[in-house]
Each structure stands twice: as C-alpha cells, then as structure tokens.
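Here is what each chain is made of, one letter per residue.
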Amino acid sequence: MENKSYTKYFILLSALLILLFFLNISFGSVSIPFKEIFQTLTGGTPSKESWETIILNFRLPKAITAILVGSGLSICGLLMQTLFRNPLAGPFVLGISSGASLGVAILILGSSVFGGFLVSSSISNWSLPIAASLGAFLVLSAVIIAANKVRNTMSILIIGLMFGSLTSAVISVLSYFSEAAQIQQYVFWSFGSLGNLTWNELLVFGIIYFLGIIGAVSVIKPLNSFLLGENYAKSVGINIKRNRNIILLITSLLTGVITAFSGPIAFVGLAVPHIARMLFSSSNHKILIPSTAIIGAIVLLICDSIAQLPTSEFTLPINAITSLFGAPIVIWLLIRKKTIFV
Amino acid sequence: MKSMSENRVLKTENLSIGYQTKKAQNIVASNINLSIEKGKLVIVLGKNGIGKSTLLKTLAKVQKPLNGSIFIKNKKLSSYSHQELATSLSMVLTERLPESQLTVFELVALGRQPYTSWIDKLSAVDLEKINCVLAETEIHHLKNKRFHELSDGQLQRVLIARALAQDTEIIILDEPTAHLDLHHTIKIFSLLKNLTEKTSKTIIMSSHEVNLSIKFADEIILFTDAKIYTGSPTELINNNSFDNLFPKEIVNFNRNLQQFIINKK
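Sequence positions are assigned chain by chain, starting from 1 and proceeding in written order. Think of it this way: whatever chain is written first is A, whatever ligand is written first is 1, and the rest follow in order. Local features in this predicted model are restricted to residues of pLDDT 70 or higher, and side-chain atom pairs are both shown and tallied only at a pLDDT of 80 or more, whereas totals for entire chains, interfaces and linings draw on every residue.

## Some details on the confidence of the model for chain B
Convention followed: The score called pLDDT rates the predictor's confidence residue by residue, from a low of 0 to a high of 100.
Taken as a whole, chain B shows an average pLDDT of 92; of its residues, 98% reach a score of 70 or greater. At the level of chain-chain contacts, confidence expressed as ipTM amounts to 0.91, with global pTM at 0.89.

Structure representation (structure tokens):
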C-alpha cells in the first residue's frame, strides 16, 4: 500500500475517533442535546447547571478513560505479539493483570480472611489502584527476573502464563474463605468500569500512560527487527536483552495502571492489533503503533457507548461488552481473510 | 607477506567449536586455523551434523567458541559489540522467518538498521543502497510483494539482498541453496560468485552441493571425520582430500571428472 492511502486511513480513523468521543459523551441516563454538549466542552455554559457537572465531572473523564484504556491495552497487545512472535499473545499473557487482580483480591477478600488487618470499610478511592499496582508490580518483577534467567523468549510466555494460573489459584482460595458481600465487591471490580475516575486519578493515569507511549515509540526500530526473528535482530546490532526488558517494562506499566483503574478488560488488547494489521495490511510498527492506538480507542468508545444503553438507567459491565461484540467481529475478519500474521 | 595480512579479513587461531553445557564440553571440531582473504568465495563442505553450522555461528558471534580466538579485520571478535559487528558481518540463516506482512522492500530495508537513526528513517543513502542491491540480486520487480508470497528461490535472493544492504565486508550464509532445485541452486552460486568478484566482499557459506562448490569456490573448508582440510578446489583435489568426505561404499570422488560419482553395482 502506498503512503498516500495510509494517510487517508489515518485521517478517516481520527475523524471517526472525534465523532465517537462526542457521541460517547452525549449518551447516558440523562439525555442532553448534542448542541449543549458541544457548547459545554468548548468552554460555554449549558442551559441547565446540572448538565455541566454531569458532562465535566462524569462523562468527560469517562470518555478520556475509554480512550486511554483502549489505546493502551491495544499497544500492549501489539508489543507482546511482536515480542513473542505469537498472534495469540496479549497484554494479559505475562500474568500482569492476574497480579493486579491478586492485589485487589487480597485487599477486598483478604479483609474477611485475615480479619483485623484490613477493614473493608476503609477501602478508599486510592486503595484499589494502589493494591492493583502493587500486585501487578510483584508479578512484573518476577517475570523480568525469570526473563533474564532464560534465553528463550517462548519460555517467558509460558512463565507468564504460569504466574497467571498461580495468582488465579490464590484468588480462588481467598474467595472460598470469604463472605458473600466481599466476593460480590470483588466480582464487581472484575466486571471492569471506565467511570468512577476523578480528575486527580485521571492525571496520575495520564502521566503513566504518556510514559508508556513514549517508551513504545522508542522501541519501534527493535520491534521491526524482531519481525525477522531474534538471530537476525542481533545480526543488525539490536541488543535483544535490553530491548526485551524495555518492552516487558512498558507493557507491565501500562497493563498494571489500566487494570488498576478500570479493572481487567478482556479482548481489546488481543484483537485490536489484528484489526490494525488487516486494515493497513502492514507489519511495520511505524504504521502499526499509531493505527493500533487509534483503533483501540475507537473500539473502547464504541463498547462503552453500547454498555451505557442510551437513555437507560443501567450500565452493563464493560468487560462483557468488549468480548460480546468484539469476539464475533474478529472471528468474522479472520474467516474472511483466512490468514493471520504477527 | 605484508600484502597478505592486509588482505586478510578473517583469521582463526586454534579455534575449538561446540557446545558448552553445565556438565560437559561437547567439542564438535578443534584446532581450526583459517585465514580468509578479501573478495573470496569460501565454501564449507562436510556431511550432515559434522559442524558446518556450528563453525558459521561461531564466526558470526551467535555462539561462543570453546577455545582459541577469531579475528575479524585483525580485531578480536570477542571485543566487537553487536552494533559494531553489524557493520562488518551480515548473515543469511536457514531458519524460517516468522509470519508477517513485510514487503520485500521493507525486509531488505531492515538490513540498513545498523545505519539508521533511532526511529529507523531511511536516508537518501539508505534508499540508494537498497535500490542498488535490489538490482544486483534481480528482485526489483518483487519489491512490493509480501515475502510470504515468494517462492523459495526468490526468498533466498531477498535474504541475500538484505545481507547486501547491510553493506558488510563479510557475509555468512548457512546453506543458502537448501530446498532449491538445480536451476535455482546454480543461479544462487553464480550470483554469490559474481558478488565476490564485483564488490570484493568475502562470502563464507556452507553447502551440500559438493560438485558445484568445486566449480565455484575460491577456497574450500572441508570437514571430514579425521580432520579439516582447507585450500583451493584444485589443491584439495590434488592431495586427494575429497576421498575422505563420505564413506566409500556409495559415492566416490572421480579425479578426472572432478566430481563425485555414484558407484556402479
């Protein structure tokens, strides 16, 4: 494909992203006219004061979260698929999100198991993300230590999966000894949620996200060389170990912070890189990193708008929506295209 | 004598190659003393499993030598960083490439990575070099095709083009004609031979094509069970080295025809 049509696709996708961003904000239990929303976002005041609060303190942070989560998870998926040269890899293969879940599980479920140490009523806004980050960081350190002991990249994949099962097992044991109320609280967290983020939390999220994206852009060159396999990458002067560690660190950081703030969101990280590769029919990371980010943001905005059930009081769990609507689309794409690439 | 050492691009001293495990050393071959000059086509011959690939991997720093030393352009290989070595030595491997949608042009362009900036932008020099090697290997018409659509023979030329784009004095190829038919095998051999003559690059390759190697090689490194013979094809024919290559019951070397002949029943 020529550069010109890449540009055309990028312009179209960006326009779609902006449109969906506004649509997403206009959906919700209170219906607000599109014109009023546009007016509020551009600095004006809407005709009802409550609308301003709804838009600026609830819907806008949620839409921004959707963009960060969608693009972040998708880039992690892309990095993992290229690093492991495996189309089934995703941000969760390293067990990072299981680590985050473990942190949250210990915080919520542990309070009934360990009794006095943690009191569930003291769970504040910040304790969930902190517990999740600590859990993710714990698994990340274990994976990186293991990664430096084994030479084979495929072994790291398996080690990550093992850490994942280990943490899931610990969570099962914890749930077995927990009370129904705590289990319910944990299950709600695992449904995933893009809302509930204050502007302060969003700022912390945004800074870490931005660092992750800078990191991802900085490894475009080694990522492209990995397309030929590790031996060729080494032969063009790429430091395999260092770049592998950088990629693992970026993925863990992004997955960790995303899971911490929005719960484990399935499917997006695995599927979006494939959608980007099919749409742009390229394996070049200079094209794939921006396109994966934009498509990831679009996908999550769509999923969130569906989860919102326009004009209804209810919000469906985002984690279910991403898989319910996403999986059939990917299956259809694969059957149509017949081949799958890294 | 002085001119000889100036022309020498690769030298080994008492090199032992093989695999090091925690418990033991598995020596594949030892006491290898090579001296390879600029612009030569050097072919490594020997039966399966005798250590041809191990030698090439050791020379390319993919694998560590068990003993002895390797010098590339009079500098010890162990003191080269991978980045530095990437501008002196390039490789064509036998391993299959992972599936991807890379085009031929993109794949060849990856050979320019030692010279590109952190964002991997191709400069005018890079583009010129890439177009030049596409022409040299006669794959210009394939440049927008995806590499997984190519035939084995075409893919091999693309991989050779990638190594050429890396612009190194030494190119190491591990069995570049495996899986190819006779026609394409000869095309690859003559391409490599032409390259050594035109560009004065040194090409070191392994092969099972003994008869063709005798015709094309400037220098042969012959692995046999007893020892490693080195020399020009004529030298090796004259001192009967080829007789030691295979067990004698099936094929024998015929000195007059300068090739291996299947025994008559």
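## Considerations on the interface of chain B and chain A
A common measure of how large an interface is: the accessible area buried when the components associate. Spelled out, the test is: The contact criterion used is a C-beta to C-beta distance within 7 Å, with each C-beta placed from the backbone. Think of it this way: any DSSP run of H or I at least four residues long counts as a helix, any run of E at least two long counts as a strand, and we number them from the N terminus. Ten residue types, Ala, Val, Leu, Ile, Met, Phe, Trp, Tyr, Cys and Pro, are classed as nonpolar, four, Asp, Glu, Lys and Arg, as charged, and the remainder, Gly among them, as polar.
Facing 24 residues of chain B, the contacting portion of chain A comprises 23 residues. Secondary-structure elements contributing two or more residues to the side of chain B that touches chain A are helix H3 (82-85) and strand S7 (89-92) of chain B. For the side of chain B that touches chain A, a count of residues per class yields 12 nonpolar, 8 polar and 4 charged.

## Some details on the environment of Asn244 of chain B
Residue and element names in this part refer to chain B. Put simply, the rule reads: Think of it as a crowd count around each C-beta: if 20 or more other C-beta atoms lie within 10 Å the residue is buried, if 12 or fewer it is exposed, and in between it is partly exposed, with C-beta placed from the backbone throughout.
Its place among the elements puts Asn244 in the loop between helix H9 (233-238) and strand S12 (251-254). Under the C-beta neighbour-count criterion, Asn244 is labelled partly exposed, with 16 such atoms within 10 Å. Sequence-wise, Asn244 and Ala135 are 109 residues apart; in three dimensions their C-alpha atoms are separated by 41 Å. With sequence-adjacent residues up to four places away left out, Asn244 is seen in contact with Thr224 and Ala226.

## Some details on the sheet that holds S7 of chain B
All names here are of chain B. Put simply, the test is: Being paired, for any two strands, means DSSP has found at least two bridges between them. Axis angles are defined between N-to-C directions and span 0 to 180 degrees, where every axis is a line fitted to C-alpha atoms and, for a helix, only to the segment in contact.
One open sheet accounts for 6 strands, arranged S7-S8-S9-S4-S10-S11; its pairing is mixed. Edge positions in the sheet fall to S7 and strand S11 (228-231), since each of these pairs with one other strand and no more. When strand polarity is set aside, the average angle formed by the axes of neighbouring strands in this sheet is 15 degrees. One ladder, built from 4 bridges, connects S7 with strand S8 (residues 170-173); its direction is parallel. By the bridge assignment for S8, Met91 is matched with Ile172.

## Some thoughts on the packing of helix H3 (residues 49-83) of chain A against helix H9 (residues 199-218) of chain A
Residues and elements named next belong to chain A. Note the following rule: An angle below 35 degrees is read as roughly parallel, one above 145 as roughly antiparallel, one from 65 to 115 as roughly perpendicular, and any other as oblique. A clockwise turn of the near helix away from the far one marks a right-handed crossing, whereas an anticlockwise turn of less than a right angle marks a left-handed crossing.
For the pair H3 and H9, interaxial distance at closest approach is 11 Å and the crossing angle is 30 degrees. Taken together, H3 and H9 sit at an angle that is classed as roughly parallel. At the point where H3 passes H9, the crossing takes the left-handed sense. Contacts from Pro61, Ile64, Thr65, Leu68, Gly72, Ile75 and Leu79 of H3 reach H9 at Trp199, Leu202, Phe205, Gly206, Tyr209, Gly212 and Ala216.

## Some words on the environment of Val150 of chain A
Position of Val150 of chain A among the secondary structure elements: in the loop between helix H6 (127-149) and helix H7 (153-176). Once you skip the residues sitting within four places of it in the chain, Val150 of chain A turns out to touch Ser155 and Ile156 of chain A.

## Brief notes about the pairing of S11 of chain B
Residue and element names in this part refer to chain B. In this sheet, S11 lies alongside strand S10 (residues 219-223) in antiparallel orientation, the contact comprising 4 bridges. The partner of Leu222 across the bridge, within S11, is Tyr229. A loop of 4 residues connects S10 with S11, the two strands running antiparallel in sequence.

## Quick word on the nonpolar core
Soluble globular proteins tend to pack their nonpolar side chains together in the buried interior. Convention followed: Take the buried Ala, Val, Leu, Ile, Met, Phe, Trp, Tyr and Cys residues, join any whose C-beta atoms are within 7 Å, and the set you get is a nonpolar core.
Counting residues in each nonpolar core, the largest one holds 164 residues, and the members touching the most others are Val108, Ile172 and Ile204 of chain B. The dominant element in this core, judged by the number of residues it contributes, is H3 of chain A, at 15 residues.

## Quick notes on unusual backbone geometry
Among all residues except glycine, the phi angle is most often negative; among peptide bonds, the trans geometry is most common. Residue and element names in this part refer to chain B. Notably, Asn14 is not glycine yet its phi reads approximately 45 degrees, a positive angle. Here Asn14 lies in strand S1 (residues 8-20). A residue is classified by how many C-beta atoms lie within 10 Å of it, and Asn14, with 12 of them, is exposed. At Lys73, a position not held by glycine, the phi torsion is positive, near 50 degrees. In this fold, Lys73 is placed in the loop between strand S5 (67-72) and strand S6 (75-76).

## Looking at helix H12 (residues 240-262) of chain A
The following threshold applies: Expected helix span is given by 1.5 Å per residue-to-residue step, counting one fewer step than there are residues.
A rise of 1.5 Å per residue sets the reference length of H12 of chain A, with its 23 residues, at 33 Å; its end C-alpha atoms lie 32 Å apart and thus fit the reference within 8%. Phi for Gly263 of chain A, located one or two positions after H12 of chain A, is positive at around 80 degrees.

## Comments concerning the pairing of S12 of chain B
Residues and elements named next belong to chain B. Bridge analysis of S12 against strand S13 (residues 259-262) gives 4 bridges, and the strand direction is antiparallel. Bridging across to S13, Phe253 finds its partner in Phe260. Joining the antiparallel neighbours S12 and S13 is a turn of 4 residues, in which Gln258 adopts a positive phi near 55 degrees.

## Focus on the packing of helix H4 (residues 96-108) of chain A against H6 of chain A
Residues and elements named next belong to chain A. At a minimum axis distance of 6 Å, the contact between H4 and H6 shows a crossing angle of 135 degrees. In terms of orientation, H4 lies oblique with respect to H6. When you trace H4 past H6, the crossing you get is right-handed. Contact residues: H4 offers Ile96, Ser98, Gly99, Ala100, Ser101, Leu102, Gly103, Val104, Ile106 and Leu107, while H6 offers Ser127, Leu128, Ala131, Ala132, Leu134, Gly135, Ala136, Leu138, Val139 and Leu140. Grouping the constituent residues of the contact of H4 with H6 by class yields 14 nonpolar, 6 polar and no charged.

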